[in-house]
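Reading the structure
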Amino acid sequence: MPVPVPVPDASDNRTGLEICVDTSAGLAAAQLDCVNRIELCAALGLGGITPSGGFIDQARLSRIPVFVMIRPRAGNFIFSPAEEAQMMRDIALVRQAGLSGVVLGAANASGGLDDSLLARLSRACGPLRRQLHRVIDMVSDPFHALDQAIDLGFERVLTSGQAIRAIDGVACLARLVDHALGRIDIMAGSGINPGNVGQIMHVAGIKSVHASCRKFVGVQDKKLDHFGFAALNAETSAAEIIRLHEAIGSATQA
């Protein structure tokens, strides 16, 4: 059975600024005209996993298109049949909520994309739009993986160019853009900030960027930290989003 390829939303054709959020406060902060998309996650400190059903339902009120991370756990991207069933249920929740899309990824034991699993997940998505996440940074051949993503009908792939930070992967990002030939959007992510986004855009030729735009505000409560109930406290900042948007604008005009 062929994988459905949703028609992109005509209102989502600007130079892409995608903001990833993992809290209600972050979702609220990202409700800005300069934001192209929101990626809804839990546990950004672990690279993002699937958010709760309550958070997915809350995102229905977003005025910005929302894509939901579908990743059942932290760690590798090789998923068991039980985890596949869990992802299927999560996709159903996103469809029921009427959100714009999902962010998917799966690998096989040979170091490539698990295209058969991704095809099954894609069929379950129906009209949802699909982005491939940074599983592409973990495969042995990102160019073959990019071709697979195109064949599966993904509209966008998030990548750091197989480096820890996108600024260090610009050469690979540029090669991915050249290889894509406009068939899929290459979105740079990891460590994107106002100080480096211009260089990344110009060197790699990318038109979409992904960032959390978080400000670190320390530990909420020392007692919570002592008992292990608090992670390093960081929140998406509307001011940081605007700063990044302005830097993107300056780079586009240069």
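Just so it is clear, the structure is predicted and the values come from calculations on it, not from any experiment.

1. Section: the environment of E39
- Among the secondary structure elements, E39 is positioned in strand β2 (residues 37-40).
- Residues E39 and L27, twelve residues apart in the sequence, show an inter-C-alpha distance of 9.2 Å.
- If we ignore the near neighbours within four places in the chain, the residues touching E39 are E18, I19, C20, V21, F67, M69, V103, L158 and H210.

2. Some points on the pattern of salt bridges
- Under the definition given, this model contains twelve salt bridges.
- One salt bridge connects R243 with E240, and the closest N-O pair in it is separated by 3.0 Å. Of this pair, R243 and E240 both sit in helix α9 (residues 238-253), three residues apart, roughly one helical turn.
- In this structure R243 comes out as partly exposed when scored by relative accessible area, which is 43%.
- For E240, a relative accessible area of 19% translates into the label buried.

3. A word on the environment of C213
- Relative to the assigned elements, C213 resides in the loop between β8 (208-211) and β9 (214-218).
- Taking relative accessible area as the criterion, C213 reaches 11% and is therefore assigned buried.
- C-alpha of C213 to C-alpha of I241: the two residues are 28 residues apart in sequence and 5.7 Å apart in space.

4. Observations concerning helix α3 (residues 81-97)
- Taking 1.5 Å per residue as the helical rise, α3 with its 17 residues ought to reach 24 Å, and the 25 Å between its terminal C-alpha atoms agrees with that figure.
- Every buried residue belonging to α3 is among E83, E84, M87, D90, I91, V94 and A97, and all of these are buried. Looking straight down α3, one finds its buried side chains confined to an arc of 135°; they lie on one side. For α3, the exposed residues set more than 90 degrees away from the buried face come down to P81, A82, R89 and Q96.
- If you follow the buried residues of α3, they end up packed against α2 (53-58), β3 (66-69), β4 (101-104) and α4 (115-125).
- One or two positions beyond α3, positive phi appears at G98, with a value near 75°.

The rules behind these values
Residues numbered from 1 in each chain as written. Predicted model: local features only at pLDDT ≥ 70, side-chain atom pairs only at ≥ 80, totals over all residues. Heavy atoms only, no water. Helix = DSSP H or I, 4+ residues; strand = E, 2+ residues; numbered from the N terminus. Contact = heavy atoms within 4.5 Å. Salt bridge = Lys/Arg side-chain N within 4 Å of Asp/Glu carboxyl O. Buried < 20%, exposed > 50% of the residue type's maximum accessible area, 1.4 Å probe, protein only. Expected span 1.5 Å × (residues − 1). Arc of directions from axis to C-beta.

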